[in-house]
Amino acid sequence: MKILHTSDLHIGKKLMGRERFLEYRSIFIELSDVCEKEGVELVLIAGDVYDTFTPPAEAEEIFYQGVKLLSKRCAVLVISGNHDDYVRLTAASALAEEHNVYIVGNDLKPVSCKKRGEVYPEKSGKGWVIFKNSAGERVYINTLPYPNEARFKEGRSDETFEEKTKRWIALGEAGKAEKIPSVFLSHIFVAGGSVSDSEREIDLGGARAVSLDNLPDCDYCALGHLHKKQKLGKNAYYCGAPMQFTFDESGSKKSVNVFDLTANGVENFKEVELVSAKKLVRLQANGVVDGVALLNANKEYYVELTLNLKEPMTQQESKALHEVENLLSLKAEVQNAEVNYEKFSNKNKSSSQLFTDYYKLRYGTEVPEELLALFLSLTEEE
């Protein structure tokens, strides 16, 4: 069976206040194209569909339209992540299943088993489902949404998180009555995983880390939670988020994992690059004029621009930069000349003299007349 693994859509997430709804729509279109080109039969979405528990209505509309588009080509299986309210996410399950889209939350409710397409759930239980295609090939999937005690409605106990995780994983293994190709689909932090700036610091390490040794015996672990694509151990994969969320991801490629799962295990594995979302880039320029030119030459990117300046920008210069639409983050570094601090004394100096001395110490140049005039107007010193 041909499978596509993606995760961490975070629909509704803004980039430094900038809405990205059009990019999210384009990602689903691109995923649909990948499914058609690669002959994908089953899409796995490993959690964090939304960026918040209460996503905006447009984010929900993008998700429903997006998975409906995917379902025209294949079956879709979704689990909830730590950013999702699993009750809200699964509320439309009855309607979604009519379109061959299956959503599993922390109630681990079995999915509806009915033939609605070429690939469909043949059998399902609490935390697991078996999909079957028209060729008679079957895949067992252990589904573990983002796990914690509150989400599973468990009270406090003497069990460690490791012991609880083993028990939750074992629940999803209970339906393995025969040996068939299998996948572990989960939204967890596996110890040793590499974290980027875009993950919020929620259960990413320490007591909430899951050891590789505790993952179930399967052919492929389809994981979500970390936004960098990476492989851990022999078969645990984070495919990564489908778009760049922070500038520390500048230069990184975003992709989905596509592979055949057969009686021999994973075959024909490939990372298919996603290119529809805007890329992020960090640029540097010497001066405002060069900065504006650089921004205009890179309009296809969202830009974090660092300016190397000899003196602070004027209001007009700052306005000229921020009028360029793709500038999202501006950092200004003023190069200081070497100053002999010992020759300065503050004794008997007026506030204007103190301000002038401070400016020269800080920026290595004389204070501009207009800035000094503004300072004097504020201090009412004439």
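Just so it is clear, the model here is predicted, and its values are computed rather than measured.

Asker: Explain the packing of helix H6 (residues 288-297) against helix H7 (residues 315-322) to me, please; I cannot follow it from the model alone.
Answerer: The geometry of a pair of packed helices is captured by two quantities: the angle between their axes and the separation between those axes. Where H6 meets H7, the axes come as close as 9 Å, and the angle between the chain directions of the two elements is 10°. The angle between H6 and H7 places the two elements in the roughly parallel class. Each of Val-288, Gly-291, Val-292 and Leu-295 in H6 lies in contact with H7, whose residues at this interface are Glu-317, Ala-320 and Leu-321. Residues that form the contact of H6 with H7 fall into these classes: five nonpolar, one polar and one charged.

Asker: Before we go on, may I ask you to explain the pairing of strand S8 (residues 182-187) in this structure?
Answerer: The two faces of a sheet get side chains in turn, since along a regular strand they alternate between them. Counting buried residues in S8 gives six out of six residues, a clear majority hidden from the surface. Burial of the side chains of S8 extends over both faces: Ser-182, Phe-184 and Ser-186 are buried on one face and Val-183, Leu-185 and His-187 on the other. Pairing of strand S7 (residues 138-144) with S8, which is carried by five bridges, proceeds in the parallel orientation. Within S8, the position partnered with Ile-141 by the bridge is Val-183. In this fold, the crossover linking S7 to S8 by way of helix H5 (residues 161-173) has right-handed handedness. For S8 and strand S9 (residues 220-224), the ladder comprises five bridges, and the chain directions are parallel. Each bridged residue has a counterpart across the sheet, and for His-187 the counterpart in S9 is Gly-224.

Asker: How do you make sense of the sheet that holds strand S16 (residues 327-334) when you look at a structure like this?
Answerer: What holds strands together in a sheet is hydrogen bonding between their backbones, with the strands either parallel or antiparallel. Taken in spatial order, the three strands make up an open sheet running S14-S15-S16, and their pairing is parallel. Single-partner strands in this sheet number two, and they are strand S14 (279-286) and S16. Taking the axes of each pair of neighbouring strands and ignoring which way they run, one obtains an average angle of 15° across the sheet. Pairing between S14 and strand S15 (residues 301-309): eight bridges, direction parallel. Note that in S15 the partner of Arg-282 across the bridge is Glu-304.

Cut-offs used in this document
Residues numbered from 1 in each chain as written. Predicted model: local features only at pLDDT ≥ 70, side-chain atom pairs only at ≥ 80, totals over all residues. Heavy atoms only, no water. Axes fitted to C-alpha atoms, helices over the stretch in contact; angles between N-to-C directions. Helix = DSSP H or I, 4+ residues; strand = E, 2+ residues; numbered from the N terminus. Parallel < 35°, antiparallel > 145°, perpendicular 65-115°, else oblique. Contact = heavy atoms within 4.5 Å. Nonpolar A, V, L, I, M, F, W, Y, C, P; charged D, E, K, R; others polar. Buried < 20%, exposed > 50% of the residue type's maximum accessible area, 1.4 Å probe, protein only. Pairing = 2+ DSSP bridges. Right-handed = clockwise from strand over helix to strand, strands pointing away.

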